[in-house]
Amino acid sequence: MPKHNRIANVLKSDAIGSQILIKGWVRTKRGNKNVAFIAVNDGSTIHSIQVVADVAQFDEETLRRITTGACIAVKGTLVASQGKEQAVEIQAQQISILGDADAEIFPLQKKAHTLEFLREIAHLRPRTNTFGAIFRIRHALAFAVHKYFNDNGFYYLHTPIITASDAEGAGQMFRVTTLDMENPPRTPEGTIDYSEDFFGRSTNLTVSGQLEGELGAMGLGLIYTFGPTFRAENSNTTRHLAEFWMIEPEMAFYDIHDNMDLAEDFIKYLIRYVLENCADDMKFLDERFIKEEQAKKADERSEMGLIERLQFVLDNQFERITYTEAIDILLASNHHKKGKFQFPVQWGIDLQSEHERYLVEKHFKKPVIITGYPKEIKAFYMKQNPDGKTVAAMDILFPGIGEIIGGSQREENLEKLTQRMKEMHVPEDVLWWYLETRKFGTCEHSGFGLGFERMMLFITGMGNIRDVIPFPRTPKNAEF
RNA sequence: UCCUCCUUAGCUCAGUUGGUUAGAGCACAUGACUGUUAAUCAUGGGGUCCUAGGUUCAAGCCCUAGAGGGGGAGCCA
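Right, let's walk through the structure included here. All of these numbers come straight from a predicted model, not from anything done at the bench.

A look at the pairing of strand β16 (residues 445–451)
Most of β16 sits inside the fold, with seven of its seven residues counted as buried. Burial of β16 is two-sided: the residues H445, G447, G449 and G451 facing one way and the residues S446, F448 and L450 facing the other way are all buried. Across five bridges, strand β11 (residues 243–252) lies against β16 in antiparallel orientation. Counterpart to I247 in the pairing with β16 is L450. The sheet contact formed by strand β15 (residues 402–409) and β16 spans five bridges and is antiparallel. Bridge assignment links G407 to a residue of β16, and that residue is F448.

What follows is the structure in structure tokens.
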């Protein structure tokens, strides 16, 4: 292990007078002809440490090369700060330049940049306060996901990234092939002959690990997946990525109510974990959030601060209603009576963003779980309710984000499942292995999918999903 | 994919009715300043006005097409 000190530890230290060595990137330098103050950050914390250099003790050339963005190593003594903004600082004895950053061309300046600009220089984003905080929180959140499931007896199941089943209908897929695109082999009918492809068949990047997850649950009992997922939809929104991370637990012997209980407990655990373990970064984002909100018009402004809103979610039960009740609430609303919904409300429609927003943000003002959707608008594998019209689906809707979780109890009855597949034109032959779980030792089971980046949006208060993943993949954008 | 807005200095933006030499703040450079807090003060350099056509005596400004970006919608997580 290297011998230098991480700044997070140095700032917590009370070992005044001790010798330390830090390495990091310069945020700002200021001062006068006698003394220079250098703020250095090494990514271990949102806080930079102040390095104090007596100008007379250092050669001019070294001090000149200490510019915003430069990487330096500092040897010095930890001292109590004379300034008010920090408890301790480093009185420098030796400074070496590890890497220059020409101030004329280094894009990051000691001033605020727009998120749009930083997206164009995503390779340098991790050096900013905001993205440092976001990526540290992203780590903590991912760790919390594993900890929660591990502590609750779930097994982490690695489902494949490359799949042959394009049957689920979760979205457009990215094709995976090693065929010569210029001159692919052809069948006698003239179509591309995928039997000559690497896997001897057509393959794609996964759109969901759920079906394979069910296979795991039907033997291990409780499993979860957590990995990248790919959708080739031409979606250009603040909530969609072509490559995103999804968490999909699958539980044998869980019905739809157990499923909801788990989802709510899980989400609250994640929020609590980040609030407890990322206090500094959350405080920074909370202040940032408040500034952003003040720039908005009064009627679009959030009523709560970021941390306040997270605490509110922790302190309140998610509202649980059926699809039918949701439609009744919408039909009874003044919003509907005044004709303010762009999409008309009636039983059977898929709820539009405006409807979900009304329920979550205007009516209940807290997270809402909707169950019992019409079977026509949901996937083939969802358990059919006795009414013959609805399925045991559940969507969890969050303010500002919309659907954060989609899940269901799965149809465990082979006949009902294959019947539904026929109706929805899902090919049974390619999913033969999935059907065998119902053929041999079938049982009640449930699961859901949580969009990791959507959870990140809610926790960080960021407005654009491209800003909560280090290297966003969106239509026409894969630069970094 | 659809709707809508935007593109002028490194960044964030002004730019009047189409008029002659293109503006600010910040950043950067130089200087001043005895401990600063994205320091402060002074001075200075810095422009393919997104691209290609068009209208006009004259285009940053008007028209057409394209590219890139933001926001909203759809699809969804």
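Further notes follow.
So, unusual backbone geometry
For K365, which is not glycine, the phi dihedral falls at a positive 55 degrees. In this structure, K365 sits in the loop between α11 (353–364) and β13 (368–374). Here K365 falls in the partly exposed class, since its relative accessible area comes to 45%. You will see that K476, though not glycine, has its phi angle at about 70 degrees, which is positive. For K476, the position within the fold is in the segment after α14 (452–460).

With respect to the sheet that holds strand β5 (residues 88–99)
Spatial strand order, β1-β2-β3-β5-β4: five strands in a closed barrel with mixed pairing. Strand-to-strand twist of the sheet, defined as the mean angle between neighbouring strand axes without regard to direction, takes the value 55 degrees. As judged from the ten bridges shared by strand β4 (residues 71–80) and β5, these two strands associate in the antiparallel manner. Its bridge partner being in β5, V79 is matched across the sheet by E89.

Criteria and thresholds
All residue numbers refer to positions counted from 1 along the written sequence of the respective chain. Chains and ligands are labelled by the order in which they are written, letters from A for the one and numbers from 1 for the other. pLDDT decides what is reported in this predicted model: residues at 70 or higher carry local features, side-chain atom pairs at 80 or more are listed and counted, and totals for whole chains, interfaces and linings draw on all residues regardless. The side-chain quantities take in all heavy atoms of the structure and omit both hydrogens and water. For every residue, the accessible area (1.4 Å probe, protein chains only) is compared with the maximum for its type, and the residue is labelled buried under 20%, exposed over 50%, or partly exposed between those bounds. Note on conventions: DSSP H or I runs of at least 4 residues are helices, E runs of at least 2 residues are strands, and numbering of each starts at the N terminus. Pairing between two strands requires that DSSP report at least two bridges joining them. The axes are straight lines fitted to the C-alpha atoms, using for helices just the contacting stretch, and the angles between their N-to-C directions are given from 0 to 180°.

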